[in-house]
Amino acid sequence: MERYIEAPVSREEIKKLKAGDYVYITGTIYTARDAAHKRMQETLDRGEELPFSLQGNMIYYMGPSPAREGRPIGSAGPTTASRMDKYTPALLDLGLGAMIGKGKRSKAVIDAIVRNGSVYFAAVGGAGAILSKCIHSSEIIAYEDLGTEAVRRLEVKDLPVVVVIDSNGSNLYETAVLEYSRQ
Amino acid sequence: MRHITTKEITRTIKQMCIEANHTLSPDMKSVFETAVKEEASPLGKKILNQLEENLRIAEEDMIPICQDTGMAVVFMKVGQDVHIEGGGLTDAVNQGVREGYTEGFLRKSVVSDPIERVNTKDNTPAVIHYEIVDGDQLEITVAPKGFGSENMSRIFMLKPADGIEGVKDAILTAVKDAGPNACPPMVVGVGIGGTFEKCAFMAKHALTRNLKETSPIPYVRDLEKEMLHKINGLGIGPGGLGGTVTALAVNIETYPTHIAGLPVAVNICCHVNRHVHRVI
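A separate point is the packing of aromatic side chains. Per the stated rule, a full pass over the model turns up four aromatic pairs over all chains. A ring pair is formed by A:Tyr30 and A:Phe52, whose centres lie 4.2 Å apart and whose planes are at 5°; its orientation type is stacked. Taken together, the positions of A:Tyr30 in strand 2 (residues 22-31) and A:Phe52 in the loop between helix 2 (34-45) and strand 3 (58-60) put the pair 22 residues apart, joining distant regions of the chain. Under the relative-accessibility criterion, A:Tyr30 is labelled buried at 10%. Ring pairing ties together the aromatic residues A:Tyr4, A:Tyr22 and A:Tyr24, which thus form one cluster. Its guanidinium or amino end placed over the ring of A:Tyr120, A:Arg105 lies 4.9 Å from that ring's centre, counting from NZ or CZ. Sitting over the ring of A:Tyr22, B:Lys46 keeps its end group 3.7 Å from the ring centre.

Here you go:
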């Protein structure tokens, strides 16, 4: 089913999303990938504040290519989510609403998604040019020294994603493959 | 003896890095068209259409096809009658990568040390494979490699008794484990034989072969065809969201090996299988 949602997102809204839904996201989201997650974890370990509030917010696992003049961002597709698995349950327990990435998640992450009523979306990997057209502004808000891995605040309009793991723990990667498997 | 300047090599590598990241070769585009027609899943078809549109936008608006513009892998066949003038060949290649990634607005994804992990900020160094060949030309292939799929690649040190069935199992295992992580539909490069490092090299090199060509060895050609069919029966589909097009091609290279061994390497590439070829 096709849905249009806003970011940040409420738990009630997340609950309506089912694995397999095609969703267009509009609003404010944040980027963070490997090195930024490591820093966020170190920040939490020191008992300090994260660079942005997690409450109902969405993290897009993405490190863009540089923007050409006059454009908000370069190519901007998702990176593999499983590399962030080690850090993710803690962020979900602190209120992170949703994640946008690609690829499988660990059992610990899926458990934390269900426990917190969160959701994991996949954007199409390798479609960075087309996805960049949905990003209307981009601003580095933390860890600028990390270059492409810095944390960015993005304003997005109708960013197309698919619900892969919903708040009940249904996993499209597992169910859809069975449907088309000839084995 | 023919003289080629490092300046010309640098300029060529720079152009190749930029071209590879914005335009796929005609053989890649053509397999895409076939894939869209063959995909049975409506969501899979939708994703393939998005990917075709993505290629169009990348080329027209000069936005890299994928934000992971890769680590630059360069295959260089150096004719033994070539004399390089104006400095070192490796420096010239790295300078081309530096200029291409900086001036071409490509992402700098290389860190100087695997543990200390400080970004080199110009995407150097490249991974360069030299081969000395007959003649007085330089044959260059630039293949920027993204790491979503690189991370899902595997080496299997099989034993002779495992035979061709063992090879098939190894390829299917690698593709199954890669699943949605490797950005399917994938191109699967396979190296069979040689030594540990030789089979990995062949698997990487196989990815640069024109997808319209097949192996010259009859049993390998049959194996490529059979494995493509088997992989597409796994159900992984475009984006890993289910479907009948999981791989666009399977390219296999072989080499003589030791009486005790049967090495198999599977180098997986996403659908952004970039490779540009030039001869100087």
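Following the structure, the description resumes.
Quick look at the domain arrangement of chain B now. Residues and elements named next belong to chain B. Annotation of chain B at the domain level lists domain 1 (2-20 + 65-145) and domain 2 (148-274). Taken together, the contacts link 14 residues of domain 1 with 13 residues of domain 2. When domain 1 packs against domain 2, close to 1,000 Å² is buried across both sides, 66% of that on carbon and sulfur atoms. Its largest share of buried area at the contact with domain 2, domain 1 owes to Phe75, Pro144 and Lys145, together 52% of the area lost on that side. Between domain 1 and domain 2 we count one salt bridge in total. Glu150 serves as the salt-bridge partner of Lys145, at 2.9 Å between the closest nitrogen and oxygen. Applying the counting criterion to the domain 1 and domain 2 interface returns five residue pairs in polar contact (both at pLDDT 80 or more).

Residue and element names in this part refer to chain B. Across the sheet, which stays open at both edges, the four strands sit in the order 4-2-5-10 with mixed pairing between neighbours. Two strands in the sheet have a free side with no partner beyond their single neighbour: strand 4 (127-133) and strand 10 (276-279). Along the sheet, successive strands turn relative to each other by an average axial angle of 15°, direction set aside.

Contacts between the two partners involve 47 residues from chain B, matched on the other side by 44 residues from chain A. Here chain B packs against chain A, burying approximately 3,600 Å² in sum over the two surfaces, 56% of which is carbon and sulfur. Where chain B touches chain A, the interface holds two salt bridges. Between A:Glu2 and B:Lys46 there is a salt bridge, with the nearest N and O atoms lying 3.3 Å from each other. One can count 20 residue pairs in polar contact (both at pLDDT 80 or more) joining chain B with chain A. Looking at the side of chain B that touches chain A, the elements that each hand over two or more residues are helix 3 (42-61), helix 6 (163-178) and helix 8 (218-232) of chain B. If one sorts the elements of the side of chain B that touches chain A by residue count, helix 3 of chain B sits on top with eleven residues. Looking at the side of chain B that touches chain A, its residues break down into 20 nonpolar, 19 polar and eight charged.

Opposite charge on two side chains lets them pair, provided their charged atoms get close. Tallied over the entire structure, the rule returns 29 salt bridges over all chains. The salt bridge involving A:Asp34 is made with A:Arg33; its shortest N-O contact spans 3.3 Å. Using a relative accessible area of 12% as the deciding quantity, one classes A:Arg33 as buried. Linking B:Glu60 and B:Arg56 is a salt bridge whose minimum nitrogen-to-oxygen distance equals 2.9 Å. You can see B:Glu60 and its partner B:Arg56 sitting in helix 3, four residues apart, about one turn around the helix. A single salt-bridge network, built from bridges that share partners, covers A:Arg33, A:Asp34, A:Arg83 and A:Glu149.

All names here are of chain B. Strand order in the open sheet formed by four strands is 6-9-7-8, and the pairing between neighbours is mixed. Bordering the open sheet on either side are strand 6 (154-158) and strand 8 (247-257), each of which pairs with just one other strand. Neighbour-to-neighbour, the strand axes of the sheet open up by a mean angle of 15°, direction not taken into account. Along the sheet, helix 7 (residues 196-206) makes contact with strand 6, strand 7 (186-194), strand 8 and strand 9 (262-269), crossing strand 7 at roughly 150°. Here helix 8 sits on the sheet and contacts strand 7 and strand 8; the angle it forms with strand 8, its principal contact strand, is near 140°.

Attention shifts here to unusual backbone geometry. Cis geometry is found at the peptide bond from A:Ala7 to A:Pro8, where omega equals 0°. One can find A:Pro8 in the loop between strand 1 (2-7) and helix 1 (11-16). In this structure, the amide linkage connecting B:Pro184 to the following residue, B:Pro185, adopts the cis form with an omega of 5°. Along the chain, B:Pro185 turns up in the loop between helix 6 and strand 7. Even without a glycine there, the phi angle at A:Tyr143 is positive, about 55°. With respect to the helices and strands, the residue A:Tyr143 is situated in the loop between strand 6 (135-142) and strand 7 (151-165). Here A:Tyr143 falls in the buried class, since its relative accessible area comes to 16%. Even without a glycine there, the phi angle at B:Cys183 is positive, about 55°. As for its position among the elements, B:Cys183 is in the loop between helix 6 and strand 7.

Side chains of nonpolar character tend, in soluble globular proteins, to be buried together. The biggest cluster of nonpolar side chains holds 90 residues, and the ones touching the most others in it are A:Ile25, A:Ile29, A:Met58, A:Ile100, A:Phe121 and A:Leu159. Among the elements that line this core, the one with the most residues is strand 7 of chain A, at nine residues. Once you skip the residues sitting within four places of it in the chain, A:Met58 turns out to touch A:Ile5, A:Glu6, A:Ala7, A:Val9, A:Ile25, A:Ile29, A:Tyr30, A:Leu96, A:Ala98, A:Ile100 and A:Phe121. Formed by 28 residues, the second largest nonpolar core is a distinct cluster that contains B:Phe156, B:Val167, B:Leu223 and B:Val264.

Residues and elements named next belong to chain A. Within the secondary structure layout, Glu149 lies in the loop between strand 6 and strand 7. Taking relative accessible area as the criterion, Glu149 reaches 19% and is therefore assigned buried. A distance of 3.5 Å separates polar atoms of two side chains, one belonging to Glu149 and the other to Arg33. Setting aside residues no more than four positions away along its own chain, Glu149 makes contact with Arg33, Asp34, Ala35 and Ala36.

Calculation notes
Residues numbered from 1 in each chain as written. Chains lettered and ligands numbered in written order. Predicted model: local features only at pLDDT ≥ 70, side-chain atom pairs only at ≥ 80, totals over all residues. Heavy atoms only, no water. Phe/Tyr/Trp six-rings, centres within 6.5 Å; stacked < 30°, edge-to-face > 60°. Helix = DSSP H or I, 4+ residues; strand = E, 2+ residues; numbered from the N terminus. Buried < 20%, exposed > 50% of the residue type's maximum accessible area, 1.4 Å probe, protein only. Lys NZ or Arg CZ within 6 Å of the ring centre and 35° of its normal. Domains from an automatic or database assignment. Contact = heavy atoms within 4.5 Å. Buried area = accessible area lost by both parts, 1.4 Å probe. Salt bridge = Lys/Arg side-chain N within 4 Å of Asp/Glu carboxyl O. Polar contact = N/O pair within 3.5 Å; in protein donor to acceptor, adjacent residues only side chain to side chain. Pairing = 2+ DSSP bridges. Axes fitted to C-alpha atoms, helices over the stretch in contact; angles between N-to-C directions. Nonpolar A, V, L, I, M, F, W, Y, C, P; charged D, E, K, R; others polar. Core = buried A, V, L, I, M, F, W, Y, C linked by side-chain atoms within 4.5 Å.

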